[in-house]
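So you can see what is in the structure, the chains are spelled out below.
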Amino acid sequence: MRNYTVGGPEAENAAKNNLVEGDWFKPVIDRGTLKTLMSRSNGIAARDTALWLVLLVGSGVLAFRCWGTWWAIPSFGLYGILYGSASDARWHECGHRTAFRSRRANDAVYYLASIMDFREPISWRWSHARHHSDTIIVGRDPEIAFKRGAPLVHVFLEFFAIRTVISETKKIVMNSVGRPVPEQSDFQPVEEMRGSIWWSRFYILLFTGVAVWCVTVGSVLPAMFIGLPTFYGRWLMVVYGITQHAGLAEDVLDHRLNTRTVMMNRINRFFYLNMNYHLEHHIFPTVPYHALPALHKAVADQLPAPHSSIWHAMKEIFPTLAKQRSDQTVVLTRVVP
Amino acid sequence: MSEPTWKIVSKIGEIASDDVACVEIDGVKIAVVRTTDNQVFAIDSQCSHGRASLTDGYVDGLEIECPKHNGRFNVVTGEAVASPARMPLQTYPCRITGECVEIYY
Ligand code: FES
């Protein structure tokens with residue numbers, strides 16, 4: 001299996017092959033059209049955020065009332081998806097600061113969603129910037145979620161955030177005492193560590209507080225609302241996330257070869273905030289989520305055909321991941337116009 | 001290096017309102033931003049964070065957003081106002097004279 005360590009031996013190869021901060025393919029688009037698509041507003045994101053929070057609180061109240069009955073299962077199921085999966089797209093869009101026009105609103109939602117996703121917000125901002133510079137460049141990209149040759153059980157465990165939470169906990173504990181983990185130092189400037197230290201301490205305080213609360217009341221109920229949904233509500237985020245890059249090319253400077261666009265229905269696009277247009281997002285990260293369908297239309301003739309559904313994408317992803325277990329040269333290819 | 005002077009870099013009509021255009025002086029690429037109230041500002045085009053040209057970015061009032069990681073700069077002062085941009089950029093005096101945009105460079 002290749003060494004995916006950020007800053008590891010593959011990073012040197014990437015540099016030698018001019019894959020670091022490379023010149024990525026860009027489709028041709030009229031500047032006026034792009035400018036319109038990049039326009040920011042607060043209204044759409046405020047509506048979508050309000051709906052998300054109302055559903056989150058509503059399902060939470062329902063789950064609280066149903067605690068001890070079978071109805072608690074679907075109620076927590078919905079609450080978990082809103083907390084542990086839908087938060088990921090909010091984290092992502094507000095991390096780019098494109099969801100709202102207001103920087104404060106973007107940051108407020110970003111920090112809230114970071115807690116829900118159990119991500120220390122400062123280091124993840126830098127990790128995500130690197131993911132955009134060097135998308136699926138081995139040794140450079142810290143966000144390669146589905147590595148070639150990795151046991152499929154890792155994918156299964158990811159549906160419940162097990163491996164992610166273990167590595168994030170390690171990072172948070174190390175950061176709380178002022179020590180970055182080795183990979184973090186590769187993409188996060190040392191001057192930005194201070195923020196990571198304080199956020200890590202806050203996370204330890206928060207989740208220890210929830211644990212103490214559970215012990216005090218003799219019930220797991222508080223953790224069912226804060227903390228545990230990151231595990232039991234994560235699965236939908238992984239369903240969406242696996243469609244982004246899994247099985248596609250590594251070490252290329254063309255997002256058309258390593259990123260997928262998958263058509264999804266309105267409900268999924270609400271949970272996922274249009275990140276199903278992932279290829280378009282990678283090429284033009286300044287376009288806010290609500291303009292991605294229009295961007296998709298504007299450049300569709302220059303991109304590979306999108307997948308017609310999540311199922312359609314899964315049908316190529318899982319067999320490829322299975323084949324890559326024994327042969328890591330297996331890769332999904334794309335016909336580019 | 002020669003003494004700075006006002007240099008004509010563009011016609012004002014070539015820069016859309018609330019947008020940015022790229023000009024070049026002595027091999028240095030400069031982003032010229034024209035605001036909705038018809039002011040012009042000049043700032044280095046190369047982002048201080050990574051390999052990206054701000055002339056492909058997004059103008060929002062007196063800020064310009066980098067097309068690569070959404071870092072932002074104040075076009076008046078050059079200050080980096082949103083991460084991952086951290087280091088400021090050089091700005092240059094810029095004015096409209098008649099139909100022309102001039103930069104003091
Ligand atoms: S290259 Fe401009 S913000 Fe990263």
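Just so you know, these numbers come straight off a predicted model, no measurement behind them.

## Describing the overall build of chain B
A tally of regular secondary structure across chain B gives zero helices and 11 strands. Traced from its N-terminal end to its C-terminal end, chain B shows the element sequence β-β-β-β-β-β-β-β-β-β-β. On C-alpha atoms alone, chain B measures out to a radius of gyration of 13 Å, which is about the 13 Å that the 2.2 N^0.38 rule sets for 105 residues. Its C-alpha atoms put chain B at 35 × 35 × 20 Å along the principal axes. Across the 105 residues of chain B, 53% fall into the buried class. Across chain B, every contact between residues at least 6 apart in sequence was considered, and the portion connecting residues at least 24 apart equals 43%. Summed over all atoms, the accessible surface of chain B reaches about 4,700 Å², with 49% contributed by carbon and sulfur. Between the centroid of the 9 positive side chains of chain B and the centroid of its 15 negative side chains there is a distance of 5 Å.

## Brief notes about the pattern of salt bridges
Enumeration according to the criterion identifies 28 salt bridges over all chains in this entry. Between Arg130(A) and Asp186(A) there is a salt bridge; the shortest N-O distance is 3.0 Å. Placement of Arg130(A) in helix α6 (residues 121-133) and of Asp186(A) in helix α9 (residues 182-187) is noted, with a sequence separation of 56 residues between them. By relative accessible area, which is 9% here, Arg130(A) ends up buried. Its relative accessible area of 32% is what places Asp186(A) among the partly exposed residues. Linked through salt bridges whose partners overlap, the residues forming this network are Arg40(A), Arg101(A), Arg103(A), Asp60(B), Glu63(B), Glu65(B) and Arg72(B).

## What about the packing of helix α4 (residues 72-96) of chain A against helix α13 (residues 235-245) of chain A?
Each pair of packed helices can be summarised by the angle the axes make with each other and by the distance between the axes. Residue and element names in this part refer to chain A. Look at α4 against α13: their axes get within 7 Å of each other, and the N-to-C directions meet at 25°. Accordingly, the angle class assigned to the pair α4 and α13 is roughly parallel. When α4 is examined against α13, the residues Ile 81, Gly 84, Ser 85 and Asp 88 are found in contact with a partner set consisting of Trp 235, Leu 236 and Met 237.

## A look at helix α1 (residues 9-16) of chain A
All names here are of chain A. Among the residues making up α1, those that are buried are Glu 10, Ala 11 and Ala 14. Taken around the axis of α1, the buried residues stretch over an arc of 105°, which confines them to a single face. Counted as exposed and oriented over 90 degrees from the buried face of α1: Glu 12 and Lys 16. Residue Asn 18 follows α1 closely and has a positive phi angle near 55°.

## Some points on the interface of chain B and chain A
Of the residues lining the interface, 26 residues belong to chain B; the matching set on chain A comes to 23 residues. Where chain B abuts chain A, roughly 2,000 Å² becomes buried across the two surfaces, and 40% of that area is made up of carbon and sulfur atoms. In this assembly, chain B and chain A are joined by eight salt bridges. Across the pair Arg51(B) and Asp23(A) runs a salt bridge whose closest N-O atoms are separated by 2.9 Å. Taken together, the elements giving at least two residues each to the side of chain B that touches chain A come down to β2 (19-25), β5 (58-60), β6 (63-65) and β8 (80-82) of chain B. Here the residues of the side of chain B that touches chain A sort into seven nonpolar, nine polar and 10 charged.

## Focus: the packing of aromatic side chains
Applying the stated rule across the entire model yields 22 aromatic pairs over all chains. Ring centres of Phe76(A) and Tyr232(A) lie 6.3 Å apart, and the angle between their planes is 90°; on these two criteria the pair is classed as edge-to-face. Here Tyr232(A) lies in helix α12 (residues 229-232) and Phe76(A) lies in helix α4, a separation of 156 residues in the sequence. On the basis of relative accessible area, Phe76(A) is assigned to the buried category, the value being 5%. Measuring from ring centre to ring centre gives 6.0 Å for Phe118(A) and Tyr203(A), while their planes differ by 35°; the resulting arrangement is tilted. One end of the pair, Phe118(A), is in the loop between α5 (103-117) and α6; the other, Tyr203(A), is in helix α10 (residues 193-217), with 85 residues separating them in the sequence. Judged by its relative accessible area of 12%, Phe118(A) is buried. Assessed through its relative accessible area of 1%, Tyr203(A) is described here as buried. What links up through ring pairs into an aromatic cluster is the set Trp91(A), Tyr110(A), Tyr111(A), Phe118(A), Trp124(A), Trp199(A), Phe202(A), Tyr203(A) and Phe207(A). For Lys26(A), the ring lying beneath its charged end belongs to Phe284(A), and the centroid distance is 5.1 Å. For Arg95(B), the ring lying beneath its charged end belongs to Trp6(B), and the centroid distance is 3.9 Å.

Reading guide: rules and limits
- Residues numbered from 1 in each chain as written.
- Chains lettered and ligands numbered in written order.
- Predicted model: local features only at pLDDT ≥ 70, side-chain atom pairs only at ≥ 80, totals over all residues.
- Heavy atoms only, no water.
- Helix = DSSP H or I, 4+ residues; strand = E, 2+ residues; numbered from the N terminus.
- Rg over C-alpha atoms; globule rule 2.2 N^0.38 Å.
- Buried < 20%, exposed > 50% of the residue type's maximum accessible area, 1.4 Å probe, protein only.
- Contact = heavy atoms within 4.5 Å.
- Areas by Shrake-Rupley, 256 points an atom, 1.4 Å probe, with all protein chains shown as cover.
- Lys, Arg positive; Asp, Glu negative; His and termini not counted.
- Charge placed at Lys NZ, Arg CZ, Asp CG, Glu CD.
- Salt bridge = Lys/Arg side-chain N within 4 Å of Asp/Glu carboxyl O.
- Axes fitted to C-alpha atoms, helices over the stretch in contact; angles between N-to-C directions.
- Parallel < 35°, antiparallel > 145°, perpendicular 65-115°, else oblique.
- Arc of directions from axis to C-beta.
- Buried area = accessible area lost by both parts, 1.4 Å probe.
- Nonpolar A, V, L, I, M, F, W, Y, C, P; charged D, E, K, R; others polar.
- Phe/Tyr/Trp six-rings, centres within 6.5 Å; stacked < 30°, edge-to-face > 60°.
- Lys NZ or Arg CZ within 6 Å of the ring centre and 35° of its normal.

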